[in-house]
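# Working through the structure, step by step
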Amino acid sequence: MWRDLLPIGRDAATGGYRRYAWTGADADCRTWFQEQAESRGLAYETDRNGNQWAWLGDPAAGDAVVTGSHLDSVPDGGAFDGPLGVVSSFAALDELRARGVQFTRPLALTNFGDEEGARFGLACVGSRLTAGQLTKEQAYELRDGDGVRLPEAMEAAGYDPAAIGPDPERLARIGAFVELHVEQGRALDLSGDEVGIASAIWPHGRWRFDFRGEANHAGTTRLVDRRDPMLSYAETVLAARREAELAGAVATFGKISVEPNGVNAIPSLVRGWLDSRAADQDTLDTVVTAVEKAAREYADRHGVDLAVVRESFTPVIEFEHALRDELGAILRGRTGREVPVLGTGAGHDAGILSASVPTAMLFVRNPTGVSHSPAEHAAEDDCVAGVRALADVLEGLACR
């Protein structure tokens, strides 16, 4: 399965993945998922929001145990973030069948669409729509860098955008959702554990900073006469790093758009996107407020206008303690060892669904902690350990 999926959407120059929502690479990933489902005799379907499902047992029976993740990527992302959870879900089912277990609850495997938000700027679109955390009207306003709207992209890919929206009937079928994911950090590597359990997702959000100055000639405009928004932006990037360090949080300007984007032109507009995350809400608020305050001071100093727009926000998400503890008990019973419980600064579909259904997450060790990069990696032995842990959990939940 891994070999078949590996080349899809991979850029030959960077070695990274560009599996953006509703593109050719996304279609190939979806075809792969459908083929994996049908080859195992599972009932395959795509829901109204473009999420893929593979069912073992009667979906209408309710109280289903669901596992899976996503197959899309960030720009030049790694091979493991998302796909490891989807591949592992199929592998875990194969393991359970090899064990000869009898399922007492329906089981579903899923691939949620547009989790990374790389194309339209909003993460977890598929799960947000399903959970009613993104309205149809809001989704219709999403545009990619070329100005293509989300419904246009869906329609071009052969899906009906008129059908998108909340799906409470589907959520009512789910008794528990467990997502396996490569760890995006080094906590497990430092503790020496192959697998961990998630405790919570840090509060996090994305803010757009628009610095508007005055376009002019780079060679003839005196420095004192310039209204250069790039200066304000550059100083704000440094401020974000400084404030994050002071607060024990993280803050990153990872995306930038410049107009007119000419080598010999002073920009008229520099648009930068801030991603900030912290262990608690107060700390996150402190960091973002301080970054915006600094940005306004820099903008005033350089005669630049500034607008700040919060594009997305997710509060702290505590995974259901009862389900989390049940996972710990199942794995402890299998291995005789305590499984570490750790928080994460990364958002996931499991976090979105947690407001509607009991959710939990398993993490697989990442030896370097690198993620959202072509260098992202997990050792094969650890991936196998993750599959076995997921199979143990699914057996404990769905085969009682």
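First things first, this report covers the structure right here in the doc.

Each value, and the rule that gives it
Residues numbered from 1 in each chain as written. Predicted model: local features only at pLDDT ≥ 70, side-chain atom pairs only at ≥ 80, totals over all residues. Heavy atoms only, no water. Phe/Tyr/Trp six-rings, centres within 6.5 Å; stacked < 30°, edge-to-face > 60°. Buried < 20%, exposed > 50% of the residue type's maximum accessible area, 1.4 Å probe, protein only. Salt bridge = Lys/Arg side-chain N within 4 Å of Asp/Glu carboxyl O. Helix = DSSP H or I, 4+ residues; strand = E, 2+ residues; numbered from the N terminus. 1 Å grid on protein atoms, 1.4 Å probe; cavity = no way out; pocket = protein on both sides within 12 Å on 5 of 7 lines; lining within 4 Å. Points joined across faces, edges and corners; volume = space filled by probe spheres on them. Nonpolar A, V, L, I, M, F, W, Y, C, P; charged D, E, K, R; others polar. Polar contact = N/O pair within 3.5 Å; in protein donor to acceptor, adjacent residues only side chain to side chain. Contact = heavy atoms within 4.5 Å. Axes fitted to C-alpha atoms, helices over the stretch in contact; angles between N-to-C directions. Parallel < 35°, antiparallel > 145°, perpendicular 65-115°, else oblique. Left-handed = near helix turned anticlockwise from the far one by under 90°. Core = buried A, V, L, I, M, F, W, Y, C linked by side-chain atoms within 4.5 Å.

### Regarding the packing of aromatic side chains
- The tally for this structure, following the rule as stated, stands at twelve aromatic pairs.
- Judged by centre distance (6.0 Å) and plane angle (15 degrees), the ring pair of Trp53 and Trp55 falls under stacked.
- Judged by its relative accessible area of 1%, Trp53 falls in the buried class.
- On the basis of an interplanar angle of 85 degrees and a centroid distance of 5.9 Å, the ring pair of Phe112 and Phe177 is categorised as edge-to-face.

### A short note on the pattern of salt bridges
- Here the structure, examined in full by the defined rule, presents 30 salt bridges.
- In this structure, Glu395 engages Arg99 in a salt bridge whose closest nitrogen and oxygen atoms are separated by 2.7 Å. One end of the pair, Glu395, is in helix α13 (residues 380–398); the other, Arg99, is in helix α3 (residues 83–99), and 296 residues separate them in sequence.
- The exposure class of Arg99 is partly exposed, given its relative accessible area of 29%.
- A salt bridge links Asp144 to Arg119, with the shortest nitrogen-to-oxygen separation between them at 2.9 Å. A residue pair is termed long-range when its members are at least 10 positions apart, and Asp144 in the loop between α5 (136–140) and α6 (150–156) and Arg119 in the loop between β4 (107–112) and α4 (125–131) qualify at 25 residues. Both residues of the pair, Asp144 and Arg119, belong to the buried class.
- Taken together, the salt bridges that share partners define one network made up of Glu45, Asp47, Asp167, Arg170 and Arg173.

### A short note on empty space enclosed by the protein
- Counted by the stated rule, this structure contains one cavity of 30 Å³ or more.
- Computed from the structure, the largest cavity encloses a volume of approximately 50 Å³.
- Every residue lining the largest cavity is listed: Trp22, Asn49, Gly113, Asp114, Val125, Gly126, Leu129, Leu150 and Met154.
- When residues of the lining of the largest cavity are traced back to their parent elements, those giving at least two are α4 and α6.
- Ranked by residues supplied to the lining of the largest cavity, first place goes to α4 with three residues.
- In terms of residue class, the lining of the largest cavity is made up of five nonpolar, three polar and one charged.

### Thoughts on the side chain of Thr359
- When you line up the elements, Thr359 lands in strand β15 (residues 359–364).
- For Thr359, a relative accessible area of 0% gives the class buried.
- In this structure the side chain of Thr359 is engaged in a polar contact, spanning 3.3 Å, whose partner is the backbone oxygen of Ala350.
- Ignoring any residue separated from it by four or fewer positions in sequence, one finds Thr359 in contact with Phe177, Phe319, Glu320, Leu323, Ala350, Leu353 and Ser354.

### Quick word on the layout of surface pockets
- Volume-wise, the second largest pocket comes out at about 420 Å³.
- Taken together, 16 residues make up the lining of the second largest pocket; nearest its centre are Trp2, Val87, Glu380, Cys383 and Val384.
- Breaking the lining of the second largest pocket down by element, the ones donating at least two residues are α1 (2–5), α3 and α13.
- Broken down by class, the residue content of the lining of the second largest pocket amounts to eleven nonpolar, two polar and three charged.

### Considerations on the packing of helix α9 (residues 229–247) against helix α10 (residues 281–301)
- The interhelical angle for the contact between α9 and α10, taken along N-to-C directions, is 155 degrees, at an axis separation of 9 Å. Relative to α10, α9 is oriented roughly antiparallel. The hand of the α9/α10 crossing is right-handed. Facing α9, whose interface residues are Ser232, Glu235, Thr236, Ala239, Ala240, Arg242, Glu243, Ala244 and Ala247, α10 presents Thr283, Val287, Ala290, Val291, Ala294, Ala295, Tyr298, Ala299 and Arg301.
- A breakdown of the residues in the contact of α9 with α10 according to their chemical character gives eleven nonpolar, three polar and four charged.

### What to know about the nonpolar core
- If you look at the biggest cluster of nonpolar residues, it comprises 50 residues, and the most contacted ones within it are Trp32, Phe90, Leu327, Leu362 and Leu397.
- Counting residues per element, the ones that place at least two in this core are α2 (24–39), α3, β4, β5 (174–182), β6 (195–201), α11 (321–335), β15 and α13.
- Of all the elements, α13 adds the most residues to this core, at ten residues.
- Contacts of Leu362, omitting those with residues within four sequence positions, involve Val178, Glu179, Leu180, His181, Val195, Gly196, Ile197, Leu327, Leu331, Ala389, Leu390 and Val393.
- If you look at the next biggest cluster of nonpolar residues, it comprises 24 residues, including Trp53, Trp55, Val66 and Leu342.

### Notes on the environment of Gly333
- For Gly333, the location among the structural elements is in helix α11.
- On the basis of relative accessibility, which here comes to 65%, the residue Gly333 falls in the exposed class.
- As a C-alpha pair, Gly333 and Ala307 span 26 residues in sequence and 54 Å in three-dimensional space.

### Observations regarding the packing of α3 against α13
- Their axes nearest at 8 Å, the elements α3 and α13 cross at an angle of 60 degrees. The orientation of α3 with respect to α13, classified from their angle, is oblique. The two elements α3 and α13 meet at a crossing, and its hand is right-handed. On α13, the residues touching Leu84, Ser88, Ser89, Ala91, Ala92, Glu95, Leu96 and Arg99 of α3 are Cys383, Val387, Arg388, Leu390, Ala391, Asp392, Leu394 and Glu395.
- Each residue belonging to the contact of α3 with α13 can be placed in one class, and the counts come to nine nonpolar, two polar and five charged.

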